[in-house]
Amino acid sequence: MTGATVWLTGLPSAGKTTIARALARRLRWEGHAVEVLDGDELRTFLSADLGFSRADRDTHVRRVGFVAELLASHGVKALVPVIAPYETSREAVRAHHQAEGTAYLEVHVATPLSVCSARDVKGLYARQAAGDLTGLTGVDDPYEEPQAPDLRLEAHGAPAEESAAAVHALLTERGLA
Ligand SMILES: Nc1ncnc2c1ncn2[C@@H]1O[C@H](COP(=O)(O)OS(=O)(=O)O)[C@@H](OP(=O)(O)O)[C@H]1O
Ligand SMILES: Nc1ncnc2c1ncn2[C@@H]1O[C@H](COP(=O)(O)OP(=O)(O)O)[C@@H](O)[C@H]1O
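Within an unreviewed UniProt entry, the label attached to the protein chain reads Adenylyl-sulfate kinase, and the organism entered is Streptomyces mashuensis. Note on the protein chain: under the UniProt heading Function (unreviewed entry), the record states "Catalyzes the synthesis of activated sulfate." The UniProt entry for the protein chain carries the following comment under Catalytic activity (unreviewed entry): "adenosine 5'-phosphosulfate + ATP = 3'-phosphoadenylyl sulfate + ADP + H(+)".

Here is the structure:
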């Protein structure tokens, strides 16, 4: 089975994890090998030494890209709901996949900041507003919007399954699902 990395980039609470899980359910049901590289688990087990400075985020994203490519090169659909706010680190991950001949899709979960901060799944936006946290992506830390993602999802008003279906359609179009 052909592996691939699907990187879901976007602001905190954009829906990256929810869409990745919905897509994982569908792909598993179809018989694909799937791993969701969960952002919080990665920061606990792979990057516990790193924080949220630009340099640390860059190192984190490159590490995750390395692991995702290893999985994808062994036939796994590696779904990666990680913010990855900087274009240069995202491009480094894409270049690494290209160099290895491994399929790579960048999906921008383009939920507006107003919607993300109203959702505030982990209470980060409230903490930032209260002055308990600084350097929150999209608020007082940069998020460089992908200029040419393979897919941009602007369906935050619809169910997550709809967004997962759009990613699935792209995988199918590319001969990967
Ligand atoms: N300062 C700051 N900025 C952004 N995010 C923060 C911050 N502090 C903690 N968190 C929480 O960390 C979760 C994982 O972040 P990521 O590894 O995806 O970020 S990054 O790619 O390294 O920028 C990320 O998870 P998601 O909300 O699922 O995106 C946040 O909940
Ligand atoms: N269309 C949608 N796509 C994804 N999530 C949605 C959607 N509509 C509502 N949500 C909700 O928004 C929240 C997104 O949280 P999460 O997936 O953890 O975001 P992220 O991983 O980007 O931080 C979840 O509570 C989810 O149920």
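S.K.: Now, about the site of ligand 2: what can you tell me, with residues and values included?
M.R.: As a matter of local geometry, ligand 2 sits amid 16 residues, with Ser 13, Lys 16, Thr 17, Thr 18 and Ala 158 nearest to it. Within the side chain of Lys 16, an N or O atom sits 2.8 Å from an oxygen atom of ligand 2. Take Arg 119: an N or O atom from its side chain is 3.2 Å from an oxygen atom of ligand 2. A total of 570 Å² of accessible area belongs to ligand 2 in isolation, and the protein chains cover 74% of it. A molecule is said to occupy a pocket when more than half its atoms come within 2 Å of that pocket's grid points, and by this definition ligand 2 occupies the largest pocket.

S.K.: How would you summarise the site of ligand 1 if you had to cite specific residues and measurements?
M.R.: Near ligand 1 lie 18 residues; those nearest to it are Lys 16, Arg 43, Arg 57, Ala 84 and Gly 135. Here Lys 16 contributes a side-chain N or O atom positioned 2.9 Å from an oxygen atom of ligand 1. In the environment of ligand 1, an oxygen atom lies 2.8 Å from a nitrogen or oxygen atom belonging to the side chain of Arg 43. At a threshold of 2 Å from the grid points, most atoms of ligand 1 map onto the largest pocket. For the shell around ligand 1, the elements supplying multiple residues, two or more each, are α2 (39-45) and α3 (54-72). Among the elements that line the shell around ligand 1, the one with the most residues is α3, at three residues.

S.K.: Hey, could you go over the UniProt feature "domain: APS kinase" (unreviewed entry) in the protein chain for me, with residue numbers and the actual values?
M.R.: Sequence positions flagged by UniProt for "domain: APS kinase" (unreviewed entry) are, in local numbering, residues 3-153. The distance separating the terminal C-alpha atoms of residues 3-153 is 22 Å; by composition the span is 44% helix and 15% strand.

S.K.: Any chance you could break down the layout of surface pockets for me, citing the residues and the numbers?
M.R.: Here the largest pocket is characterised by a volume of approximately 890 Å³. As for the largest pocket, its lining consists of 44 residues, and the residues nearest its centre are Pro 12, Ser 13, Lys 16, Ile 83 and Lys 122. At the level of secondary structure, the elements contributing two or more residues to the lining of the largest pocket comprise α1 (16-29), α2, α3, α6 (124-129) and α7 (160-173). The biggest single contributor to the lining of the largest pocket is α1, with five residues. Residues of the lining of the largest pocket, tallied by class, amount to 22 nonpolar, twelve polar and ten charged.

Calculation notes
Residues numbered from 1 in each chain as written. Chains lettered and ligands numbered in written order. Predicted model: local features only at pLDDT ≥ 70, side-chain atom pairs only at ≥ 80, totals over all residues. Heavy atoms only, no water. UniProt positions renumbered as here; feature names shortened; annotations may be inferred. Near = heavy atom within 4 Å. Polar contact = N/O pair within 3.5 Å; in protein donor to acceptor, adjacent residues only side chain to side chain. Areas by Shrake-Rupley, 256 points an atom, 1.4 Å probe, with all protein chains shown as cover. 1 Å grid on protein atoms, 1.4 Å probe; cavity = no way out; pocket = protein on both sides within 12 Å on 5 of 7 lines; lining within 4 Å. Sits in = over half its atoms within 2 Å of the grid points. Helix = DSSP H or I, 4+ residues; strand = E, 2+ residues; numbered from the N terminus. Points joined across faces, edges and corners; volume = space filled by probe spheres on them. Nonpolar A, V, L, I, M, F, W, Y, C, P; charged D, E, K, R; others polar.

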